[in-house]
Amino acid sequence: MTFLPEDHEALEEFMSQAVSDKTSLHVAGTGTKEKLGDRVTADASLSLGRLSGIVDYQPEELIIVAKPGTRMDEINAALAEKNQMLAFEPANLASLYGAEHAGSVGGIVAANLSGPRRISAGAARDYLLGFTAVSGRGTSFTSGSRVMKNVTGYDLSKLICGSMGTLAVMSELTLKVLPRPETSTTLSVKCAALAQAQKALSAAFKSATEPSGGAITHARSGALSLGDEPAAAHVRLEGVAQSVTDRISTLSDILAGFGEVSVLEQDASEAFWQDVRDIAMLDETAEQVWKLSVAPSVVSDVINMITAQTSIRFFCDWAGGLVMLSGAGDGLNQIVRSAVEAHGGGHASLLRAPDTMRAAISSFHPQPAALAGLHDRIRDSFDPLHLLNPGKMGPALT
Amino acid sequence: MLMPAPDKTTLSRRGEICTALKAMLPAGCVIDDDATMRAYDADGLSSYRQMPLVVVLPETTEQVAEVLRWCRDNDVKVVPRGAGTSLSGGALPLADGVLLALGKFNQITDVDFENRCVVTQPGVTNLGITHAVQDEGFYYAPDPSSQIACSIGGNIAENSGGVHCLKYGLTTNNVLGIEMVTMDGDILRLGGKHLDAGNLDVLGVMTGSEGLLGVVTEVTVRILRKPATQRAILVGFDSAQEAGQAVSNVIAAGIIPAGMEMMDNPAINAAEDFVQAGYPREAAALLIVELDGPEVEVDYLLERVGEVMERSGSSSLRVSQSEAERNQFWAGRKSAFPAVGRISPDYLCMDGTIPRKALPEMLTRMSAMSQKFGLRVANVFHAGDGNLHPLILFDANVEGELHRAEEFGAEILRNCVALGGVLTGEHGVGVEKRDLMGEMFTEEDMKQQQRVKCAFDPGHLLNPGKVFPLLHRCAELGRLHVHHGKLPHPDLPRF
Ligand SMILES: Cc1cc2nc3c(=O)[nH]c(=O)nc-3n(C[C@H](O)[C@H](O)[C@H](O)COP(=O)(O)OP(=O)(O)OC[C@H]3O[C@@H](n4cnc5c(N)ncnc54)[C@H](O)[C@@H]3O)c2cc1C
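These numbers come from a predicted model, not from an experiment.

Quick look at the overall build of chain B
Working step 1: Counting secondary structure elements, chain B contains 18 helices and 18 strands.
Working step 2: Scaling as 2.2 N^0.38, a compact globule of 495 residues should have a C-alpha radius of gyration of about 23 Å, and chain B matches this with 24 Å.
Working step 3: A principal-axis box enclosing the C-alpha atoms of chain B has dimensions of 65 × 65 × 60 Å.
Working step 4: Residue pairs in contact within chain B that sit at least 24 positions apart in sequence constitute 71% of those at least 6 positions apart.
Working step 5: In chain B, 44 positive and 64 negative side-chain charges are present, and the distance between their average locations comes to 4 Å.

Structural notes on the overall build of chain A
Working step 1: For chain A, the helix and strand inventory stands at 13 helices and 18 strands.
Working step 2: A compact globule built from 398 residues should have a C-alpha radius of gyration of about 21 Å, and chain A, at 21 Å, falls within 12% of that.
Working step 3: Considering only C-alpha atoms, chain A reaches an extent of 65 × 50 × 35 Å along its principal axes.
Working step 4: Within the span of chain A, comprising 398 residues, buried residues form 65% of the whole.
Working step 5: Sequence separation of at least 24 residues holds for 74% of the intrachain contacts in chain A that already meet a minimum separation of 6.
Working step 6: Looking at chain A as shown, the accessible area adds up to about 13100 Å², and 49% of this sits on carbon and sulfur atoms.

Some words on the packing of aromatic side chains
Working step 1: Per the stated rule, a full pass over the model turns up ten aromatic pairs over all chains.
Working step 2: A centroid spacing of 5.1 Å and a plane angle of 90° characterise the contact between Phe-272 of chain A and Trp-273 of chain A, whose relative ring orientation is edge-to-face. Side by side, Phe-272 of chain A and Trp-273 of chain A carry an identical accessibility label, which is buried.
Working step 3: For the ring pair Phe-373 of chain B and Phe-408 of chain B, a centre distance of 5.2 Å and an interplane angle of 10° mean the geometry is stacked. Of the two residues, Phe-373 of chain B is situated in helix 14 (residues 359-373) and Phe-408 of chain B in helix 15 (residues 401-418); the sequence distance between them amounts to 35 residues. An identical accessibility class is assigned to Phe-373 of chain B and Phe-408 of chain B; each is buried.

Topic: the pairing of strand 5 (residues 108-112) of chain B
In summary, the side chains of a regular strand alternate between the two faces of the sheet.
Working step 1: Across four bridges, the pairing between strand 5 of chain B and strand 6 (residues 117-120) of chain B is antiparallel. By the bridge assignment, Asp-110 of chain B is partnered in strand 6 of chain B with Val-119 of chain B.

Examining the interface of chain A and chain B
Accessible area lost during the coming together of the parts is what is often quoted as the interface size.
Working step 1: The interface of chain A with chain B comprises 90 residues on the first partner and 98 residues on the second.
Working step 2: Together, the buried faces of chain A and chain B total about 7800 Å²; carbon and sulfur atoms form 58% of this surface.
Working step 3: Across the contact surface, chain A and chain B share five salt bridges.
Working step 4: As a salt-bridge pair, Asp-201 of chain B and Arg-125 of chain A come within 2.8 Å of each other at their nearest N and O atoms.

Observations regarding the state of the cysteines
Linking two cysteines covalently via their sulfur atoms produces the bond known as a disulfide.
Residues and elements named next belong to chain B.
Working step 1: Within this structure, the stated rule accounts for one disulfide over all chains.
Working step 2: Among the cysteines around Cys-29, which has no disulfide bond, Cys-18 carries the closest sulfur, lying 14 Å off.
Working step 3: With no disulfide of its own, Cys-71 has Cys-18 as its nearest cysteine by sulfur position, at a separation of 11 Å.
Working step 4: Accessibility expressed as a relative area gives 0% for Cys-71, which makes it buried.

Regarding the site of the ligand
All names here are of chain B.
Working step 1: The environment of the ligand is made up of 32 residues, and the closest members are Pro-80, Gly-82, Thr-85, Ser-146 and Ser-151.
Working step 2: Here an oxygen atom of the ligand and a side-chain polar atom of Asn-155 are 2.8 Å apart.
Working step 3: Here the ligand loses 93% of its free accessible area of 970 Å² to cover by the protein chains.
Working step 4: Among the elements of the structure, strand 3 (77-81), helix 6 (152-158) and strand 10 (215-222) are those that each provide at least two residues to the shell around the ligand.
Working step 5: Per element, the largest residue contribution to the shell around the ligand is five residues, and it comes from helix 6.
Working step 6: Grouping the amino acids of the shell around the ligand by side-chain chemistry returns eleven nonpolar, 17 polar and four charged.
Working step 7: When residues of the shell around the ligand are assigned to domains, at least three fall in each of domain 1 (8-101) and domain 2 (108-225).

Here's the deal with helix 11 (residues 295-311) of chain B
Working step 1: Here helix 11 of chain B spans 24 Å end to end across 17 residues, near enough to the 24 Å set by a 1.5 Å rise per residue.
Working step 2: Taken residue by residue, helix 11 of chain B has Glu-297, Val-298, Leu-301, Leu-302, Val-305, Gly-306, Val-308 and Met-309 of chain B as its buried positions. Seen from one end, helix 11 of chain B has its buried residues packed into an arc of 165°, which puts them on one side. Within helix 11 of chain B, the exposed residues directed more than 90 degrees away from the buried face are Glu-303, Glu-310 and Arg-311 of chain B.
Working step 3: Elements that come into contact with the buried residues of helix 11 of chain B comprise helix 8 (241-256) of chain A together with strand 12 (229-237), helix 9 (240-252), strand 14 (285-293) and strand 15 (314-319) of chain B.
Working step 4: After helix 11 of chain B finishes, the residue Gly-313 of chain B shows a positive phi value of roughly 90°.

Remarks on the sheet that holds strand 2 (residues 54-56) of chain B
All names here are of chain B.
Working step 1: Across the sheet, which stays open at both edges, the four strands sit in the order 1-2-4-3 with mixed pairing between neighbours. Of all strands in the sheet, those with a lone pairing partner are strand 1 (30-31) and strand 3, marking the two edges.
Working step 2: Here two bridges tie strand 1 to strand 2, and the two strands are oriented antiparallel to one another. Counted as the bridge partner of Val-30 is Val-56 from strand 2.
Working step 3: Packing of helix 2 (residues 14-24) onto the sheet brings it into contact with strand 1, strand 2 and strand 4 (97-101), and relative to strand 2 it is tilted by some 10°.
Working step 4: Packing of helix 4 (residues 61-73) onto the sheet brings it into contact with strand 2, strand 3 and strand 4, and relative to strand 4 it is tilted by some 170°.

Observations regarding the domain arrangement of chain B
Residues and elements named next belong to chain B.
Working step 1: As far as domains go, chain B holds domain 1 (8-101), domain 2 (108-225), domain 3 (229-338) and domain 4 (344-436).
Working step 2: Centre-to-centre separation of domain 1 and domain 4, based on C-alpha positions: 32 Å.
Working step 3: Listed per partner, the contact involves seven residues of domain 1 and eight residues of domain 4.
Working step 4: With both chains or domains summed, domain 1 and domain 4 bury close to 630 Å², and 64% of this area falls on carbon and sulfur atoms.
Working step 5: Seen at the junction of domain 1 and domain 4, the total is zero salt bridges.
Working step 6: In this assembly, domain 1 and domain 4 are joined by four residue pairs in polar contact (both at pLDDT 80 or more).
Working step 7: Class assignment for the residues of the side of domain 1 that touches domain 4 results in four nonpolar, three polar and no charged.

Things to note about the packing of helix 14 of chain B against helix 15 of chain B
All names here are of chain B.
Working step 1: Remark: helix 14 packs on helix 15, axes separated minimally by 11 Å, with the N-to-C direction vectors making an angle of 155°. Taken together, the axes of helix 14 and helix 15 lie roughly antiparallel to each other. Here helix 14 and helix 15 pass one another in a crossing that is right-handed. Two secondary-structure elements touch here, helix 14 through Met-362, Arg-365, Met-366, Met-369, Ser-370, Lys-372 and Phe-373 and helix 15 through Arg-404, Glu-407, Phe-408, Glu-411, Ile-412, Asn-415, Cys-416 and Ala-418.
Working step 2: Residue composition of the contact of helix 14 with helix 15, by class: eight nonpolar, two polar and five charged.

Structural notes on helix 1 (residues 8-21) of chain A
All names here are of chain A.
Working step 1: The terminal C-alpha atoms of helix 1, which comprises 14 residues, lie 20 Å apart, in line with the 20 Å expected from a rise of 1.5 Å per residue.
Working step 2: Judged by how many residues are buried, helix 1 sits mostly within the fold: ten of 14 residues are covered.
Working step 3: Each element contacted by the buried residues of helix 1 is listed here: strand 1 (2-3), strand 2 (25-28), strand 3 (44-47), strand 7 (128-135), strand 8 (140-144) and strand 9 (168-176).
Working step 4: Note on helix 1: the residue one or two positions beyond its end, Lys-22, has a positive phi of about 50°.

Considering the sheet that holds strand 16 (residues 346-349) of chain B
All names here are of chain B.
Working step 1: On the basis of which strands lie adjacent, the open sheet formed by seven strands has the order 15-12-14-13-17-18-16 and antiparallel pairing. Each edge of the open sheet carries a strand with a single partner, namely strand 15 and strand 16. Across the sheet, the mean angle separating the axes of adjacent strands is 15° when strand polarity is ignored.
Working step 2: Alignment of strand 16 against strand 18 (residues 387-394), held across four bridges, turns out to be antiparallel. Within strand 18, the residue paired with Tyr-347 across the bridge is Leu-393.

Definitions and cut-offs
- Residues numbered from 1 in each chain as written.
- Chains lettered and ligands numbered in written order.
- Predicted model: local features only at pLDDT ≥ 70, side-chain atom pairs only at ≥ 80, totals over all residues.
- Heavy atoms only, no water.
- Helix = DSSP H or I, 4+ residues; strand = E, 2+ residues; numbered from the N terminus.
- Rg over C-alpha atoms; globule rule 2.2 N^0.38 Å.
- Contact = heavy atoms within 4.5 Å.
- Lys, Arg positive; Asp, Glu negative; His and termini not counted.
- Charge placed at Lys NZ, Arg CZ, Asp CG, Glu CD.
- Buried < 20%, exposed > 50% of the residue type's maximum accessible area, 1.4 Å probe, protein only.
- Areas by Shrake-Rupley, 256 points an atom, 1.4 Å probe, with all protein chains shown as cover.
- Phe/Tyr/Trp six-rings, centres within 6.5 Å; stacked < 30°, edge-to-face > 60°.
- Pairing = 2+ DSSP bridges.
- Buried area = accessible area lost by both parts, 1.4 Å probe.
- Salt bridge = Lys/Arg side-chain N within 4 Å of Asp/Glu carboxyl O.
- Disulfide = S-S within 2.5 Å.
- Near = heavy atom within 4 Å.
- Polar contact = N/O pair within 3.5 Å; in protein donor to acceptor, adjacent residues only side chain to side chain.
- Nonpolar A, V, L, I, M, F, W, Y, C, P; charged D, E, K, R; others polar.
- Domains from an automatic or database assignment.
- Expected span 1.5 Å × (residues − 1).
- Arc of directions from axis to C-beta.
- Axes fitted to C-alpha atoms, helices over the stretch in contact; angles between N-to-C directions.
- Parallel < 35°, antiparallel > 145°, perpendicular 65-115°, else oblique.
- Left-handed = near helix turned anticlockwise from the far one by under 90°.

Quick look at the structure:
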């Protein structure tokens, strides 16, 4: 059975009982990203679906306070009404995970999921101003605040973001919001090769045109063979209309040096970036989906090294620094992770795979021993009995 | 402010400790004579002074690791120090602690325009990074007023901000990676030229940890292309309350300026006397709003901000017509601290943040407090993000005035918290606000923070006495309080 607390008090009581009984918990928001991260084996389930609702939304203060189970569609609708947004552009991974909706705001934050605007506006972790939670010790605590600028005490928001429910269970969170850009336009340039497309993005991001997205697609669907296959670079410009018009002309001149430039206007631009954001450009049926984060300048070398060994589909975001790829086979893990390590480091995370494979390899990139030890001690400082989502971020060392 | 009582054994072992440190570091890297050590006895919070046990200036990461490991093994405390400009006493030495200064880590190691980042040693100044990339039209965005002096390592430790944080974020939003050394002497690399941790965000919690969790030995920051155009507007108001409301109105109009600063009448006049920036002396409050981006965008936003200001009751408005004039507008604001230093023998600079909408209320309370304590106050604010810098004027030579100024400051910060804000927006807690932490956090909130500290430094050897009012032993913090009560909501669904 699943425990569904409706308020903070019920959550705290339940958790403190779980601590007394040493009951390990499978913690989920609305359960849409169950298959993200490693597999959890726990005694019982805790769902935050009913700990839901917008607590306070102050558009002129640029903050929204919500309970963790609040669905993203509710948050997005409330913000849209005031012409605002979550600037980190959280993905809707419903189709990737076969879920019915984009999930809860707590889940997005716990997974630190950010979309294309990550490159210019920052990640989920940059927008979590504060939270209240119950730790794996069964005690409630608050960190951060509801104001933009705060350095009082350790920034535990950063630890909570991306901790996949392994440190504490949030009962309320405060996010910074920003005005929605008036217009969105995308310039695309056809390139002879991936390396060329990356250079085009680099030129765009080095210019004063303030791109808010930079993606690379590969013309051919299915297995990728590089050679002289054409690629395309896509640069998004957002902002007030006059400004975007002005920047389009500057950027067109820059990109023209790389190949033929075409323009996606408003709706087409938004649709394109939504596909990038939601990882909709990969093979729906692929066995595995991986997410690689590397320095943008090495991306074509990383891809070349991988495609020399196996066949994949992929696209890039974050000016080239993010690779989303799909492929198959037991060896893919080794191939992608060593490609990342051979090119200055970064990480390769497994986003989707059959359960047997998820049981065999960690979704998370292996860490050096000293850092893994520190992660373990940090986790222990919140959850000494390993009650919260045990195994979700890999096995504990201790 | 009470610091933990120095450990007598450590004090008595000073000779032996210096000898050991000299053996592991190159010649000239250990300073143990009083005359030279004197230069390190305080940071920017100069009302607090303390000679360190000894000063070390290592030259390599391995040396930092060796010093820390030795100090851990020998139970000796360590205080990291960058450029010593902290305004909260974060780098205040301990009588029984080694002061580990990063002054020799002063090289930029990699300027990478392709990935738009810079890799640097932590002792390089904030402005030094911009200098290394400005010829190519780039800059490092966070711009503390102390940027010619403060180190990037110190910026990370304090999560420093500046006038342009409103649009470009604090240090934490601009750091991509660090190399750090733990008190155990482990060398860790967090992040790099790629984005996100892909695991627990240790870099995120290191940023703003005030030198309590580890020593930063290398930094990777992102650099931004300089905006095509920057222009500033000076707007005068007859009442500070109206000016505060105008700030909220700009944000409510969907505009995020590059910076939005506010000065009250005493600050305006002190600055005007000092640099003749052309500020309206009669105004009760002045806003400086900076807009940047492509010229057409800046022109358009200037007009819209102008409309908002007029609607909010502005009494004067000037738009900078040249780069020289823009710099002149900023000159007054940027020299506000020294300008106030001229009209008062001493001043305390506070640093609370409040919700923007509480600005008018806070200003009203501030005048009342000024009366109550009988001390003048000049206000400069990073108004756009609600970060206040009230400067409390006093004379340390007058018996009791320092104490009164500190009481006044504490009351301001209590009011910040009461209005929904925080104790510090960018200067850090350090020793200065340590005993006020309980205003904002419960005992359990602080305990959880200290448990994180224990994950890094279980012996509390790194920068103890800072940030937390009570030093709980890690063993005590780790204890679980399990209660075997009945479940209070038997009607709720459970497993
Ligand atoms: C005139 C003036 C104006 C200022 N204006 C601003 C402003 O606009 N915005 C703002 O945010 N701050 C401002 N400050 C405060 C100060 O400059 C910042 O806090 C700055 O980041 C401190 O850097 P530092 O190198 O001087 O650090 P220090 O003062 O030497 O140390 C500060 C803290 O960082 C730790 N530390 C330093 N280096 C390291 C390292 N490598 N590894 C681990 N820990 C380390 C120390 O232990 C200490 O706790 C101002 C200060 C002055 C004097």
